[in-house]
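Understanding the architecture of this molecule
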Amino acid sequence: MLQVQYIKENKEAVIAGLKKRFFDAEEPVERVLGLDDKRKSVQNKLDLSLAEQKKMAAEIGGLFKQGKGAEANDLKEKVSQMKNESKELTSELSQIAEDLQNELYNIPNVPHEKVVAGKSEDDNEVVLEVVDIPEMSDKALPHWEVAAKYDIIDFELGTKITGAGFPVYKGKGARYQRALINYFLDKNTEAGYNEFQVPHLVNEASGYGTGQLPDKEGQMYHSTVDNLYLIPTAEVPVTNMYRDKILKEEDFPIKATAYTPCFRREAGSYGAHVRGLNRLHQFDKVEIVQLQHPDKSWEALDAMVEHIKGILTELGLPFRILRLCGGDTGFTSAMTYDFEVWSAAQKRWLEVSSVSNFLTFQANRLKLRYTAKDGKRHLAHTLNGSSLALPRVLAALLENYQTENGVEIPDILKPYTRFDFID
RNA sequence: GGAGAAAUGGCAGAGUGGUCGAAUGCACUAGUCUUGAAAACUAGCGAGGGUCACACCUCCGGGGGUUCGAAUCCCUCUUUCUCCGCCA
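Residues numbered from 1 in each chain as written. Chains lettered and ligands numbered in written order. Predicted model: local features only at pLDDT ≥ 70, side-chain atom pairs only at ≥ 80, totals over all residues. Heavy atoms only, no water.

Time to look at the packing of helix α7 (residues 172–190) against helix α10 (residues 297–315). Where α7 contacts α10, the axes come no closer than 11 Å and their chain directions differ by 140 degrees. In terms of orientation, α7 and α10 fall into the oblique class. Both α7 and α10 take part in a crossing whose hand is right-handed. Contacts between α7 and α10 pair L180, Y183, F184, K187 and N188 from the former with H307, I311, E314 and L315 from the latter. The class makeup of the residues in the contact of α7 with α10 is five nonpolar, two polar and two charged. (Axes fitted to C-alpha atoms, helices over the stretch in contact; angles between N-to-C directions. Helix = DSSP H or I, 4+ residues; strand = E, 2+ residues; numbered from the N terminus. Parallel < 35°, antiparallel > 145°, perpendicular 65-115°, else oblique. Left-handed = near helix turned anticlockwise from the far one by under 90°. Contact = heavy atoms within 4.5 Å. Nonpolar A, V, L, I, M, F, W, Y, C, P; charged D, E, K, R; others polar.)

Right, here's the structure in full:
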């Protein structure tokens, strides 16, 4: 959620910036500013009325003490009338506040100036590409066939138990996945991220805090009996740990990492591109989150990109980094880098990480602030990224490391898997 | 799941209808003292809206109500604690 003050002071820049998303902000911005003015004037009217009422109430108290009951009763009647008036003002005010909030909820974050205009993924910029894509024979199998051949992932079994998109990992498949989780967490911890284990269900307030609600209600699994949501990403519980917090400047940076399963309804996805591990309803992910001083968040974003680059390099996977264009950048993000690994058998890029700087957009909803040296309070900046999402990494590892006799394990992972080969 | 108790500022903890946005202590910040630090002393010290700045308004777990007036009374939800039951 953008701040009204920010919109007011940077009206033209906001409108121009949002054009890069093909979001026409002109009218929403006008409505926001209009509602804000209205809010202030109604608030002011109400304040004056309440001040008067308070004064009179105090007088009544005094009159009673002096035993002037009759005069007190006269005053009482007067105040009662005023109260009715202010009741109307109160409901008017809360309506305005609600309208204003709804308007703000529907305005996406303003892309950073470096972000190019564009409508879809076709307009994303490739900022780095590791070119040495391995030559695979035509016999190279897509990961779902590799998985079936060595009996390490069972999609049908998951379908039986739950439904499509809930695979069962078996034997070395399960162990490989666990090894990857540990490896990722260790890498993150080494880089200064504090590890957390967090709830996998969150309440409504948390959903609003990170912006999944109200916009993406349909994408989360919802336990209606308890009104809890299954998390679509660890970002939700991890970031919400800091909801309604006022940090000290010296608390920065706060760096957190967590492994969680992620649950996504993915309503409307189907077809060849969702085969195998490419798109699941439940998958594992290790997430990194940073809370940063506003002066440091871009630096931090670069550091996160470097960090993930390091991991993919160690895994020996060909990858590229994209800076998403305006239209493809998530609603809450000001700039997002996507990491994609090359899937040798499918001959396509698979997204394995998405790293974003949200600036104050999330912090505003979260009421996540810090007290500056001068004693003033400001919103913090938040960032997050996947480090990394498991299924597609696993898919690429299975495809790229396959041989005629089995699947090799990258050296860096051998201490974690404690086996060298899948056959 | 049943019975009872409670929820107040960063923490602890007063306050049960009328200058209470809230005593006090700790913590914190600045200053005095000190070679420096500690101690002691002095001052400041919740959040949001609003204003050039004041004024002023809102907030004592959330929501609703009673009253001229509520942290204080009533309803409701949530959470925590104690006891009982159940259980990985």
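Next comes the rest of the write-up.
Attention shifts here to the protein's contact with RNA strand B. Contacts to RNA strand B come from 17 residues, most closely from R39, D47, A57, R369 and R377. For RNA strand B, the backbone makes up 70% of the atoms found within 4 Å of the protein, where backbone means sugar plus phosphate. Between RNA strand B and the protein, one listed contact pairs a sugar or linking oxygen with a side-chain N or O atom of D47 at 2.8 Å. Take R369: an N or O atom from its side chain is 2.7 Å from a phosphate oxygen of RNA strand B. Listed by contribution, the elements that provide at least two residues to the surface near RNA strand B are α3 (26–65) and α4 (69–105). Counting residues per element, the surface near RNA strand B draws most heavily on α3, at 10 residues. In terms of residue class, the surface near RNA strand B is made up of seven nonpolar, two polar and eight charged. (Near = heavy atom within 4 Å. Polar contact = N/O pair within 3.5 Å; in protein donor to acceptor, adjacent residues only side chain to side chain.)

It is worth spelling out the sheet that holds strand β16 (residues 381–389) at this point. Strands sit in the order β1-β11-β12-β13-β16-β10-β9-β4 across an open sheet of eight strands; the sheet is mixed. Each edge of the open sheet carries a strand with a single partner, namely β1 (125–129) and β4 (194–196). Ignoring strand direction, the axes of neighbouring strands in this sheet form an average angle of 25 degrees. Bridge count between strand β11 (residues 319–323) and strand β12 (residues 335–343): five bridges; the pairing is antiparallel. (Pairing = 2+ DSSP bridges.)

The biggest cluster of nonpolar side chains holds 55 residues, and the ones touching the most others in it are Y176, L180, F184, L312 and L315. By residue number, the principal contributor to this core is α10, which donates eight residues. What L180 contacts, discounting residues up to four positions off in sequence, is L315, L390, V393, L394, L397 and L413. L2, A25, V29 and L33 belong to the second largest nonpolar core, which has 23 residues in total. (Core = buried A, V, L, I, M, F, W, Y, C linked by side-chain atoms within 4.5 Å. Buried < 20%, exposed > 50% of the residue type's maximum accessible area, 1.4 Å probe, protein only.)

Taken in spatial order, the three strands make up an open sheet running β8-β14-β15, and their pairing is mixed. This sheet does not close on itself; its edge strands, each paired only once, are β8 (246–248) and β15 (377–379). Averaged over all pairs of adjacent strands, the angle between strand axes in this sheet comes to 35 degrees, irrespective of strand direction. Here three bridges tie strand β14 (residues 369–371) to β15, and the two strands are oriented antiparallel to one another. Bridge assignment links R369 to a residue of β15, and that residue is L379.

Residue placement: L366 occurs in helix α11 (residues 361–366). Looking at L366, the relative accessible area reads 0%, which means it is buried. Taking the C-alpha atoms as reference points, L366 and R275, 91 residues apart in sequence, are found 37 Å from one another. What L366 contacts, discounting residues up to four positions off in sequence, is G209, T210, T239, N240, R243 and D244.

So, on to α10. Spanning 19 residues, α10 covers 27 Å between terminal C-alpha atoms, matching the ideal 27 Å at 1.5 Å per step. Here α10 has its buried residues at S297, A300, L301, M304, V305, H307, I308, I311, L312 and L315. Seen from one end, α10 has its buried residues packed into an arc of 160 degrees, which puts them on one side. The outward face of α10, more than 90 degrees from its buried face, is lined by the exposed residues E299 and T313. Of the residues one or two after α10, G316 is the one with positive phi, at around 70 degrees. (Expected span 1.5 Å × (residues − 1). Arc of directions from axis to C-beta.)

Turning our attention to the domain arrangement of chain A. As assigned here, chain A comprises domain 1 (4–105) and domain 2 (121–422). Using C-alpha coordinates to define each centre, domain 1 is positioned 43 Å away from domain 2. (Domains from an automatic or database assignment.)

This part covers the pairing of β11. Buried residues dominate β11, accounting for five of its five residues. Covered by surrounding structure in β11 are F319, I321 and R323 together with R320 and L322, the residues of both alternating faces. In the sheet, β1 pairs with β11 via four bridges, with the strands oriented antiparallel. The residue of β11 that forms the bridge with E129 is R320.

Here we take up unusual backbone geometry. Cis geometry marks the peptide bond from F252 to P253; its omega dihedral reads -10 degrees. Take P253: it is sitting in the loop between β8 and β9 (254–263). In this structure, the amide linkage connecting S387 to the following residue, L388, adopts the cis form with an omega of 0 degrees. On the secondary structure map, L388 appears in strand β16. The backbone of R418 shows a phi angle near 60 degrees, a positive value even though the residue is not glycine. Take R418: it is sitting in the loop between α13 (414–417) and β18 (421–422). By relative accessible area, which is 71% here, R418 ends up exposed.

Attention shifts here to the pattern of salt bridges. Inspection of every chain in the model, using the stated rule, returns 13 salt bridges. For E287, the salt bridge is made with K285, and the minimal N-O distance between the two is 2.7 Å. Both residues of the pair, E287 and K285, count as buried. (Salt bridge = Lys/Arg side-chain N within 4 Å of Asp/Glu carboxyl O.)

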